Amino acid sequence: MSDATIAAGTEQRLTAQELKAQEKAAKKTEKERLKRVARDEKAERKRAAKSGFANVANPRRSTLLTIVCALFAVYCLFPFVYLLINATKTQADFTSTFGLGFGRTFALWDNIKTVFTYQDGIFGRWFLNTILYVVVGAGGATLLAIMGGYGLAKFRFPGRKAVFAVIIGAISVPGIALAVPQFLLSAKLNLTNTPWAMIIPSLVSTFGLYLMWIFSDQAVPTELLEAARVDGAGEFRTFFQVSLPLLAPGIVTTALFTIVATWNNYFLPLIMLKDSNWYPLTIGLNQWKDQASTAGGQAIQNLVVTGSLITIVPLVIAFLCLQKYWQSGLAAGAVKE
């Protein structure tokens, strides 16, 4: 073996040893960097705790807060779990077994079938009535809130501040306080005991109007509207093609509020409607619940619970389908540009 070959092998071994040494040094440096970062984050959390401000990129872990959130989640989910369990029981099991335990017979599908066939299928009529009130009433309220809020946010006109004061005052008035005046007005117009007695009051959503006003002011840049007008777009085209896509999160939020308010409305149909054929689900299920207290009435708590479970399914689906649009606009206007 020549001296050149021995020298080359020695050089290769030295190179491999150097690579291992460099790799070891790099790992050590990275480990030290991670320790330094963890130490800096801990110090930053301490400074934030003392100053009262928190860094969202470096949140503090709080065991107490986690426990409180878990308890709140259990509190919110408890009624749904109760409905889900008791909807599987027969009437006999409902009255003879523990409320959070399953019955001797799994009767969920039989209960669902009975709900839609009981009293000649009146539950289906109540369900369609609720859909009608939500689509026309809540849909109309959302559309009016969008257009009104956008107009108040992007146009200047005399009396704008007075309109703002009226809206704030209207939000402060509870809806139940307006129920009796609405009933008297509907009675004068011969609208009681008709769908219009439910739809017309539902078309007004002062909170939705205020929400869209604030959101439109932040989400739609005035410069973008001016550019569209310079390009020759009219106000309607600017609204529908330029502004409306930017208002999607606010629209979804307003729609969810109005849909839930109309879907769960109880007091207004209670005083407006006497014909059971026009009842929404809230009044219809309450009538079934009170049926056992009437003379010769039959207790059907299992059907009431199953009907209540069916009633909340559309709302759950709506929230799950629309939450991505809702969450995308939660931080709109939070950053100053």
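Each remark here, short or long, concerns the structure printed above.
Residues numbered from 1 in each chain as written. Predicted model: local features only at pLDDT ≥ 70, side-chain atom pairs only at ≥ 80, totals over all residues. Heavy atoms only, no water.

1. Description of the overall build of the protein
So, point 1. For the protein, the helix and strand inventory stands at 15 helices and 0 strands.
So, point 2. Out of the 337 residues in the protein, the part that is buried amounts to 29%.
So, point 3. For the protein, the proportion of contacts with a sequence separation of at least 24, taken over those separated by at least 6, is 70%.
So, point 4. Surface accessibility of the protein: about 21,700 Å² in total, with carbon and sulfur atoms responsible for 66%. (Helix = DSSP H or I, 4+ residues; strand = E, 2+ residues; numbered from the N terminus. Buried < 20%, exposed > 50% of the residue type's maximum accessible area, 1.4 Å probe, protein only. Contact = heavy atoms within 4.5 Å. Areas by Shrake-Rupley, 256 points an atom, 1.4 Å probe, with all protein chains shown as cover.)

2. Focus on the packing of helix α5 (residues 122-154) against helix α12 (residues 248-263)
So, point 1. Where α5 contacts α12, the two axes come as close as 9 Å, and the packing angle between them is 145°. The interaxial crossing formed by α5 with α12 has right-handed handedness. For the pair α5 and α12, contact is made by Phe 127, Thr 130, Ile 131, Tyr 133, Val 134, Ala 138, Ala 141, Thr 142, Ala 145 and Ile 146 and by Ile 251, Thr 254, Ala 255, Thr 258, Ile 259, Thr 262 and Trp 263, respectively.
So, point 2. Looking at side-chain class alone, the contact of α5 with α12 contains 12 nonpolar, 5 polar and no charged residues. (Axes fitted to C-alpha atoms, helices over the stretch in contact; angles between N-to-C directions. Left-handed = near helix turned anticlockwise from the far one by under 90°. Nonpolar A, V, L, I, M, F, W, Y, C, P; charged D, E, K, R; others polar.)

3. Remarks on the environment of Gly 139
So, point 1. By the element assignment, Gly 139 lies in helix α5.
So, point 2. Accessibility expressed as a relative area gives 35% for Gly 139, which makes it partly exposed.
So, point 3. For the pair formed by Gly 139 and Ile 259, sequence separation is 120 residues and the distance between their alpha carbons is 7.8 Å.

4. Points about the packing of aromatic side chains
So, point 1. This model, assessed by the stated rule, comprises 11 aromatic pairs.
So, point 2. Each ring, one from Tyr 150 and one from Phe 155, has its centre 6.2 Å from the other, and the planes form 80°; the classification is edge-to-face.
So, point 3. Take Tyr 150: its relative accessible area is 4%, and that puts it in the buried class.
So, point 4. We classify Phe 155 as partly exposed; its relative accessible area is 30%.
So, point 5. Connected via pairs of aromatic rings, a cluster forms that spans Phe 116, Tyr 118, Phe 123, Trp 126 and Trp 288. (Phe/Tyr/Trp six-rings, centres within 6.5 Å; stacked < 30°, edge-to-face > 60°.)

5. Considerations on the nonpolar core
Side chains that are nonpolar tend, in soluble globular proteins, to be buried together.
So, point 1. If you look at the biggest cluster of nonpolar residues, it comprises 25 residues, and the most contacted ones within it are Val 115, Phe 123, Trp 126, Leu 273, Trp 288 and Leu 303.
So, point 2. Looking at this core, the elements that each hand over two or more residues are α5, α8 (196-202), α13 (267-272), α14 (281-289) and α15 (301-327).
So, point 3. No other element matches α5, which puts 6 residues into this core.
So, point 4. In this structure Phe 123 touches Val 115, Phe 116, Leu 281, Leu 285, Trp 288, Gly 307, Ile 310 and Thr 311, once residues within four positions along its chain are discounted.
So, point 5. Counting residues in hydrophobic clusters, the runner-up holds 11 residues, among them Ile 146, Met 212, Ala 219 and Leu 225. (Core = buried A, V, L, I, M, F, W, Y, C linked by side-chain atoms within 4.5 Å.)

6. Observations concerning the pattern of salt bridges
So, point 1. According to the stated counting rule, one finds 5 salt bridges in the structure shown.
So, point 2. Lys 27 is paired through a salt bridge with Glu 23; the nearest N and O atoms lie 3.7 Å apart. Remark: Glu 23 and Lys 27 occur in helix α1 (residues 3-51); sequence separation between them is 4 residues, near one turn of the helix.
So, point 3. Given a relative accessible area of 55%, Lys 27 falls into the exposed group.
So, point 4. Exposure remark for Glu 23: the relative accessible area of 46% places this residue in the partly exposed category. (Salt bridge = Lys/Arg side-chain N within 4 Å of Asp/Glu carboxyl O.)

7. Things to note about unusual backbone geometry
So, point 1. A positive phi angle, near 60°, is found at Asp 120, a position not held by glycine.
So, point 2. Mapped onto the elements of the fold, Asp 120 is located in the loop between α4 (108-117) and α5.
So, point 3. You can call Asp 120 exposed: its relative accessible area is 83%.
So, point 4. Not every positive phi belongs to a glycine, and Asn 190 is a case in point at roughly 60°.
So, point 5. Mapped onto the elements, Asn 190 comes out in the loop between α7 (179-188) and α8.

8. Observations regarding the side chain of Arg 160
So, point 1. Counting through the fold element by element, Arg 160 comes out in helix α6 (residues 160-172).
So, point 2. For the buried Arg 160, no salt bridge exists, and the shortest N-O distance to an oppositely charged side chain is 5.5 Å, to Asp 217. (Lys, Arg positive; Asp, Glu negative; His and termini not counted.)

9. A short note on a nonpolar patch on the surface
So, point 1. Judged by side-chain polarity, Phe 164, Ile 168, Ile 171, Phe 207 and Phe 257 come together as a nonpolar surface patch covering roughly 410 Å² of accessible area.
So, point 2. Of all the elements, α6 adds the most residues to the nonpolar patch, at 3 residues.
So, point 3. Residue position: Ile 171 is located in helix α6.
So, point 4. The exposure class assigned to Ile 171 is partly exposed, which follows from its relative accessible area of 32%. (Patch = residues over 30% accessible without salt bridge, like charges linked within 9 Å, V, L, I, M, F, W, Y side chains within 5 Å.)

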